[in-house]
Every structure is written in structure tokens, then in C-alpha cells.
Amino acid sequence: MKYIILDLEWNSAYSVKESRFINEIIEIGAVKLDENLNEIGRYQQLVRSRLNKKLSSRTKNLTHITNEDMLSGVMLEKALADYTEWAGEDTLTMTWSNTDLYVMRENLKSFLGKSRMDFIERYADLQKFVQEKLGVTGNQISLMSAVELGGFNPEDYQAHRALGDVIACADLFRKYFDMSAIKKYIVDTTTDDYYARMDFKPYYISDLTSPYVDKTKMQFRCDLCGTPMKRVGKWKFANNAFRANFKCSICENEFSGRVRFKKTYDSVIVKSNFVKPEPQKEEKAPEQAEAN
Ligand SMILES: [Zn+2]
């Protein structure tokens, strides 16, 4: 199996046809590594915008790609045909975070009427893998932050240009290469399931009768004495959560119990908490109120 690291640069441009902004691909860069992680090929191609003759100033400042550069590019369909041939078969494709794949997919759908990325067979999110190796949890870190943490010099790379970014990625990949650790990030992108997952948008369940609502998760215990609380009032739905008032029959403790059911592609995530009523404020003396 060979390894490909792919990166896209894009420009936000308004599509009159779709009445919305689209992140239009303006550059594709990639490196290919053999089984021993030796670089065996590079791909770099500027892509000509079909929506605009000019790039946004944000894109120009970030990438240093000029309008002339962009206009000298090839059309996306040509770039992707060349890329597909260059990529070849039996590959694992990686990008720094999966955002690039969403951008690629949107471009394929909007401009080429395609729904699948046929040039990717297997995919892994290199950002997740490298962050695991760096021990960075929580927030996603930028590629150049990872480069620094990995002991490389960010100035050695042409950042925010597709090829510069993938060369930096390749250095990180080589440094932290560990097949057993990468394996868990590899997904098969040739299945219907992969695309269904990509298209799925998580949502909160708002209907109490939904089969995804597990009523046993809608019970509370008194935080003071541990007794199961009694619900006093109807469930209401607000801010993505079911809410109801609960009361303890032993110690008269009261709170508002809240439960959220979030439907993801293959599970339902349940979160619950309770909010105690604000303690009654002492009435202010009239002169104090006036002083305020
Ligand atoms: Zn109690």
C-alpha cells in the first residue's frame, strides 16, 4: 500500500445558481510515499475558478495565490482526471483534518454532478493521528503548530500552499509512523455507508414519543438524599432538551431536570443535568434600591 497526503486550497465564492457561497477549490497538492515512506511522486495543480475571475482578499493573503495564477489553472474536471491517474491504486489517502474531503465533495456535487470521490479508496485523518502521537487532546491544532511541536521548523515549508502543506504533513507522518496506531483511523471510502455517514447531520430529538427517547434516562435522584425524585409537571422541550420539574418526597428538594438526546449516525448520545431554582433573594431596603 502506498500513502498519499492530499491538500486543497479553496476560495469562498458566490454561486448564483445555488444562491450561496461555495468553497471553490483553486489548488490541489499531494505527495505520494511508498511502503518505506520514501517520496515517489508529487502532484500540484492550480484550478481555475468557474464562479469568479477574482479571489477574495482573504484567500490572496493566506495563500499568496494571485488572480493570474488562479486563471492560469485548469478546470476542476481536468485537474481531477489528472490527479486520479497520478494517484493510482492501492493507496491510503490522508488529509490534515477531514474538512478537505467535505470541500472536495461539495465541489464534485456542485460543479461536476458527482457524489463520490472515486480517487480515494481508503482514508485516514492525519490530524487525528498526529495529535494522538503528540498527546494533544481536545482542540484541533493547526498544521504549523504540529510542525513546531514535532520539532520541525515552520519556515522550512511554504505554508497555506497545497504542496507546502503536504510536504510538512509527510514529515510528520514519517516521524510518527506507526501502522498499528494509524489502522484505527482508516476508513473504507468506497462504501455507501461511508457517504451516508458523511451526509448525516446529527440532531436533537424533540419528540417525546420518538423510539430514540429512552425513558429510563429521564429519571433523577435527589442530590441531597439519594431518593428517586418525583416528576411534578409535564415535560417541555427547550434549548434542545426535555425539561421538567422534580421534587424529592423525603427532603422536599426541588430542581429542573434536563435531558438531551442527540442522534448521531450510529448512536444516541444522552446527556442530563439538573438546575436548582435560584435561592430567594432578600428584599432590598428601599434606600439601597434607590442608591443603585
Ligand atoms: Zn431528597
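Since this is a predicted model, take the numbers as computed values, not measurements.

Rules used in this analysis
- Residues numbered from 1 in each chain as written.
- Predicted model: local features only at pLDDT ≥ 70, side-chain atom pairs only at ≥ 80, totals over all residues.
- Heavy atoms only, no water.
- Domains from an automatic or database assignment.
- Salt bridge = Lys/Arg side-chain N within 4 Å of Asp/Glu carboxyl O.
- Helix = DSSP H or I, 4+ residues; strand = E, 2+ residues; numbered from the N terminus.
- Buried < 20%, exposed > 50% of the residue type's maximum accessible area, 1.4 Å probe, protein only.
- Donors = N, O, S within 2.8 Å, 3.2 Å for Na, K, Ca; no water.
- 1 Å grid on protein atoms, 1.4 Å probe; cavity = no way out; pocket = protein on both sides within 12 Å on 5 of 7 lines; lining within 4 Å.
- Points joined across faces, edges and corners; volume = space filled by probe spheres on them.
- Nonpolar A, V, L, I, M, F, W, Y, C, P; charged D, E, K, R; others polar.
- Polar contact = N/O pair within 3.5 Å; in protein donor to acceptor, adjacent residues only side chain to side chain.
- Axes fitted to C-alpha atoms, helices over the stretch in contact; angles between N-to-C directions.
- Parallel < 35°, antiparallel > 145°, perpendicular 65-115°, else oblique.
- Contact = heavy atoms within 4.5 Å.
- Phe/Tyr/Trp six-rings, centres within 6.5 Å; stacked < 30°, edge-to-face > 60°.

## So, the domain arrangement of the chain
Now for step 1: Domain annotation of the chain identifies domain 1 (2-199) and domain 2 (203-275).
Now for step 2: Computed over C-alpha atoms only, the centres of domain 1 and domain 2 are separated by 42 Å.

## Some points on the pattern of salt bridges
Now for step 1: Scanning the model with the defined rule gives 17 salt bridges in all.
Now for step 2: A salt bridge links E77 to R50, with the nearest nitrogen and oxygen atoms 2.9 Å apart. Taken together, the residues span a long stretch of sequence, with E77 in helix α3 (residues 76-87) and R50 in the loop between β3 (39-46) and α1 (57-63) at a distance of 27 residues.
Now for step 3: As a salt-bridge pair, D214 and K217 come within 3.5 Å of each other at their nearest N and O atoms.
Now for step 4: Residue class for D214 comes out partly exposed when judged on its relative accessible area of 29%.
Now for step 5: With a relative accessible area of 40%, K217 lands in the partly exposed category.
Now for step 6: Here the salt bridges share partners, and the residues they tie into one network are E18, R20 and E106.

## Notes on the coordination of the zinc ion
Now for step 1: On the protein side, the zinc ion has C222 (SG), C225 (SG), C248 (SG) and C251 (SG) as donor atoms, found 2.3 to 2.4 Å from it.
Now for step 2: Mapped onto the sequence, the residues coordinating the zinc ion show the spacing C-x2-C-x22-C-x2-C. In this pair, C222 is assigned in the loop between β7 (203-204) and β8 (230-231) and C251 in the loop between β10 (241-247) and β11 (254-263), connecting sequence segments 29 residues apart.
Now for step 3: Here C222 falls in the buried class, since its relative accessible area comes to 4%.

## Digging into the layout of surface pockets
Now for step 1: Its boundaries defined by the atoms lining it, the largest pocket holds a volume of some 520 Å³.
Now for step 2: The wall of the largest pocket is formed by 26 residues, among which L8, E9, W10, H160 and D165 lie closest to the centre.
Now for step 3: Broken down by secondary-structure element, the contributors of at least two residues to the lining of the largest pocket are β1 (2-15), α1, α4 (99-112), α6 (143-149) and α7 (162-176).
Now for step 4: At six residues, the largest contribution of residues to the lining of the largest pocket is made by β1.
Now for step 5: Classifying every residue of the lining of the largest pocket by side-chain character gives ten nonpolar, eleven polar and five charged.
Now for step 6: As a volume, the second largest pocket reaches approximately 390 Å³.

## Details of the environment of E121
Now for step 1: Checked against the element boundaries, E121 lands in the loop between α4 and β5 (122-125).
Now for step 2: Owing to a relative accessible area of 23%, E121 belongs among the partly exposed residues under this scheme.
Now for step 3: Each C-alpha atom, one on E121 and one on A159, is 27 Å from the other, the two residues being 38 residues apart in sequence.
Now for step 4: A distance of 3.0 Å separates the side chain of E121 from the backbone nitrogen of T91, its partner in a polar contact.

## A short note on the packing of α4 against helix α9 (residues 192-199)
Now for step 1: Contact geometry of α4 with α9 gives a least axis separation of 12 Å together with a crossing angle of 100 degrees. Our classification of the angle between α4 and α9 gives roughly perpendicular. Where α4 approaches α9, its residues L101, Y102, R105 and K109 are matched on the opposing element by Y194, Y195, M198 and D199.
Now for step 2: In terms of residue class, the contact of α4 with α9 is made up of five nonpolar, no polar and three charged.

## Some words on the packing of aromatic side chains
Aromatic ring pairs: the centre-centre distance and the angle between the two ring planes describe each pair.
Now for step 1: Applying the stated criterion across every chain yields a total of 19 aromatic pairs.
Now for step 2: Ring plane angle 45 degrees and centroid distance 5.8 Å describe the contact between Y43 and W86, whose orientation is recorded as tilted. Placement of the pair is Y43 in strand β3 and W86 in helix α3, with a sequence separation of 43 residues.
Now for step 3: When the centroid spacing of 5.8 Å and the interplanar angle of 75 degrees are considered together, the rings of F220 and F255 count as edge-to-face. Of this pair, F220 sits in the loop between β7 and β8 while F255 sits in strand β11, and the two are 35 residues apart along the sequence.
Now for step 4: Assessed through its relative accessible area of 7%, F220 is described here as buried.
Now for step 5: Among the residues examined, F255 registers a relative accessible area of 2% and is labelled buried.

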